[in-house]
Amino acid sequence: MKNSSWAVLVLLCLAQFMLIIDITVVQVALPAVGSGLDLDREALTWVVTAYTLCFGGLMVLGGRLADAFGARRTLLAGLVVFTVASLVCGLASTGAMLIAGRALQGVGAALLSPAALAIITSTFEGPRRHRALGVWAAIGGTGAALGVLLGGVLTAGPGWTWVFFVNVPVGLILLLAIPALVPALPGRPQRLDLPGATAVTLATGLLIYGLVTAGDAGWTAPATLLPLLGAVALYAGFVLIERASRAPLMRAGTLARRPVLSGTFVMLLATGLMLGLFFLSSLYLQHVLGFSALETGLVFLPVAVAITLGAQLGGHLIGRLGGRPVAVGAFVLTALGAALMTRVSPEAGVYTTLVPGFVVAALGIGPAFVTATTTTLANIPSGETGVASGVINTFHELGGSIGVAVVSTVAAASLSPGASDLGGFTSALVVCLVAAVFAAVVSLVLVPGGRPAAAFVGHGHGH
């Protein structure tokens, strides 16, 4: 690669690195955030889900905006929004201000990430593009690993606000460097499906609100049922909007294809399990066992590394065995890890129950990510790979939002301030176990058989 191309790749990967870190770095800081702003279980859940909800719900629209107005312009706009939002989060004095800032971070990420990927694919060609995309994909695992450690270091040191403040100088450096080094790409007139993007984001937001509310109000309460019914209505409206739109956000024909259905299912469950287990474990370690944020980050480090190693292993196994056995085996391994985690108790050693269980589950989650992307892109027409990739990445973020909302609801009794009943943690881990088993059974039927072409075999998801 030329030196200038390397510089472009480094800048874009640094920008993407910020976005990935912000998914896991907050997990470690959650208890400190809750104490600092006096937030209850519902508010803490939204601190996590507001970011992934807006990131996932608006990502495909962000890609369309990059096509319409130019990738560099969209990238810079997303970077400005993300940097300002990070400052808002760090300065937040109330839960509402923090959650609003997190949602705004998600909007910035939805603009930044697809635009950065578009610049990479247009800057590099042939084998150089494959190497560049390999580096881009590796950012996912590295960001997750460093995010949990960085979250512990910052929270234990200068305080949880620096989990967000640290993005500001990085964002400013990128805003100065990108215009000088990244070439401007002309935009192409595009029809923008704003109604579709709004409908799917609001529908998922109502779904999460209903799930979170059920933890306190109960499943039959109007405060739970009305948002859930509203979500169903908006999802139905989204389908109708996409069918009528000349330039739909997600084409119905593409969504109905078996490879895309299987990819979205696997990605939704894998991400939901990953962030759900992080959410539960962080609160358990710090609220119940009294671990510091730094100790929690160190405990999570082998888990994040296991996800990356699992993804690498999955990439090799898919090329030899095919996607279906890898997907089934991945979720079986995740279920075994969750089963070991259900044995947690203040009397049981965390290094004989929770940590090894989480590491085993993470070794399963990694290959599931690879299966979702690889089997989808290898089994659909080449003209639909861009749309399918966008859909898979959208469900990566939405899956995390829904997963955190579900485990938060199930574990509600154990997540309340001063709670003495720890059964909620075990119940939520059992739900994760059942979900992993369910995913393994469905994958046995839904995931396409056969080995994908070598060109489609990867080692991770690159958003």
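Keep in mind that this is a model prediction, so the values were computed, not measured. (Residues numbered from 1 in each chain as written. Predicted model: local features only at pLDDT ≥ 70, side-chain atom pairs only at ≥ 80, totals over all residues. Heavy atoms only, no water.)

Here we look at the overall build of the protein
The line we're drawing: Numbering of helices and strands runs from the N terminus; a helix is a DSSP stretch of H or I covering at least four residues, while a strand is a stretch of E covering at least two. What the globule rule says is 2.2 Å times the number of residues to the power 0.38, and the radius of gyration is computed from C-alpha atoms. Working definition of accessibility: Shrake-Rupley area with a 1.4 Å probe, residue cover restricted to the visible protein chains. His is not counted, nor are the chain ends, whereas Lys and Arg count as positive and Asp and Glu as negative. All charge positions are set by atom: Lys at NZ, Arg at CZ, Asp at CG, Glu at CD.
On a plain count of helices and strands, the protein comes out with 18 helices and zero strands. Relative to its length of 463 residues, the protein is compact, with a C-alpha radius of gyration of 21 Å against a globular reference of 23 Å. Here the C-alpha coordinates of the protein stretch approximately 60 × 50 × 45 Å along the principal axes. A total accessible area of about 17300 Å² is found for the protein, and carbon and sulfur atoms account for 69% of it. Here the protein contributes 20 positively and 14 negatively charged side chains, and the mean placements of these two sets differ by 20 Å.

Some remarks on the pattern of salt bridges
Worth spelling out the cut-off: By convention in these notes, a salt bridge is any Lys or Arg side-chain nitrogen within 4 Å of a carboxyl oxygen on Asp or Glu. Note on exposure labels: buried denotes an accessible area under 20% of the residue type's maximum, exposed denotes more than 50%, and partly exposed covers the range between, all computed with a 1.4 Å probe on protein chains only.
Taken as a whole and judged by the stated rule, the model has one salt bridge. Note that Asp 22 and Arg 102 form a salt bridge whose closest N and O atoms lie 3.4 Å from each other. Here the residue Asp 22 occupies a position in helix α1 (residues 3–37), and Arg 102 occupies one in helix α5 (residues 95–123), the gap between them amounting to 80 residues. In this structure Asp 22 comes out as buried when scored by relative accessible area, which is 0%.

Regarding the packing of helix α14 (residues 323–341) against helix α18 (residues 423–446)
Keep this limit in mind: Note on geometry: axes are C-alpha line fits, over the in-contact stretch for helices, and angles between N-to-C directions span 0 to 180 degrees. These descriptions rest on fixed angle ranges, namely under 35 degrees for roughly parallel, over 145 for roughly antiparallel, 65 to 115 for roughly perpendicular, and the rest for oblique. The crossing is said to be left-handed when, going from far helix to near helix, the turn is anticlockwise and less than a right angle, and right-handed when the turn is clockwise. Throughout, a residue-residue contact means that at least one pair of heavy atoms, one from each residue, lies within 4.5 Å. Each residue is assigned to one class: nonpolar for Ala, Val, Leu, Ile, Met, Phe, Trp, Tyr, Cys and Pro, charged for Asp, Glu, Lys and Arg, and polar for all the others, Gly among them.
Interhelical geometry of α14 versus α18 gives an angle of 165 degrees and a closest axis separation of 8 Å. In this view, α14 runs roughly antiparallel relative to α18, as classed from their interaxial angle. Crossing handedness for the pair α14 and α18: left-handed. Contacts between α14 and α18 involve Arg 324, Ala 327, Val 328, Phe 331, Val 332, Thr 334, Ala 335, Ala 338, Ala 339 and Met 341 from the first element and Leu 429, Cys 432, Leu 433, Ala 436, Val 437, Ala 439, Ala 440, Ser 443 and Leu 444 from the second. Residues that form the contact of α14 with α18 fall into these classes: 16 nonpolar, two polar and one charged.

Concerning the nonpolar core
This is how the line gets drawn: Here, the term nonpolar core denotes a set of buried Ala, Val, Leu, Ile, Met, Phe, Trp, Tyr and Cys residues that are joined through side-chain atoms within 4.5 Å.
Residues Leu 98, Phe 278 and Phe 331 are the most contacted members of the largest nonpolar core, which totals 132 residues. For this core, the element with the highest residue contribution is α1, accounting for 19 residues. If near-sequence neighbours (up to four positions away) are discounted, Phe 278 is found in contact with Gln 27, Val 148, Phe 300, Val 303, Ile 307 and Phe 358.

As for a nonpolar patch on the surface
Note the threshold: The patches described consist of residues with a relative accessible area above 30% and no salt bridge, like charges being joined within 9 Å and nonpolar side chains (Val, Leu, Ile, Met, Phe, Trp, Tyr) within 5 Å.
A cluster of nonpolar residues, Val 305, Leu 309, Val 332, Leu 333, Leu 336 and Leu 363, forms a patch on the protein surface that exposes about 470 Å² of accessible area. Listing elements by their share of the nonpolar patch, those giving two or more residues are α13 (293–321) and α14. For the nonpolar patch, the element with the highest residue contribution is α14, accounting for three residues. The residue Leu 336 is located in helix α14 in this model.

A closer look at the packing of aromatic side chains
Spelled out, the test is: Any two rings among Phe, Tyr and Trp, with Trp reduced to its six-membered ring, count as a pair given centres within 6.5 Å; such a pair is stacked if its planes are under 30 degrees apart, edge-to-face if over 60, and tilted if neither.
This model, assessed by the stated rule, comprises nine aromatic pairs. Consider the rings of Phe 300 and Phe 358, whose centres lie 6.0 Å apart with planes at 85 degrees: the pair is edge-to-face. Within this pair, whereas Phe 300 is found in helix α13, its partner Phe 358 is found in helix α15 (residues 354–377), the two being separated by 58 residues in sequence. Classification of Phe 358 as buried rests on a relative accessible area of 1%.

Here we look at the side chain of Thr 155
To keep it simple, the criterion reads: As used in this structure description, the phrase polar contact means that two N or O atoms lie within 3.5 Å; if the pair is within protein, one of them must be able to donate a hydrogen and the other to accept it, and residues adjacent in sequence are counted only when both atoms belong to side chains.
Locating Thr 155 in the fold gives a position in helix α6 (residues 126–156). Residue classification places Thr 155 among the buried residues on the basis of a relative accessible area of 11%. One polar contact links the side chain of Thr 155 to the main-chain carbonyl oxygen of Gly 151, over a distance of 2.6 Å. Among all residues touching Thr 155, those that are not within four sequence positions of it are Ala 29, Ala 32, Trp 160, Val 163 and Ala 293.

Some remarks on the side chain of Ser 86
Take Ser 86: it is sitting in helix α4 (residues 71–91). According to the relative accessible area criterion, Ser 86 is buried, its value standing at 0%. Ignoring sequence-local partners within four residues, the contact set of Ser 86 consists of Gln 105, Phe 164, Asn 167 and Val 168.

Quick look at the confidence of the model for the protein
Inclusion rule: Per residue, pLDDT measures the predictor's confidence, with a range of 0 to 100.
On average, residues of the protein score 86 in pLDDT, and 90% of them are at 70 or above. This stretch, residues 454–463, has a pLDDT under 50; its non-local contacts, to residues over four places away or in other chains, come to 36 contacts.

Comments concerning unusual backbone geometry
Phi is mostly negative for residues that are not glycine, and the peptide bonds are mostly trans. Here the phi dihedral of Asp 38 falls at roughly 55 degrees; this positive angle occurs in a residue that is not glycine. Mapped onto the elements, Asp 38 comes out in the loop between α1 and α2 (41–57). Here Asp 38 falls in the exposed class, since its relative accessible area comes to 71%.

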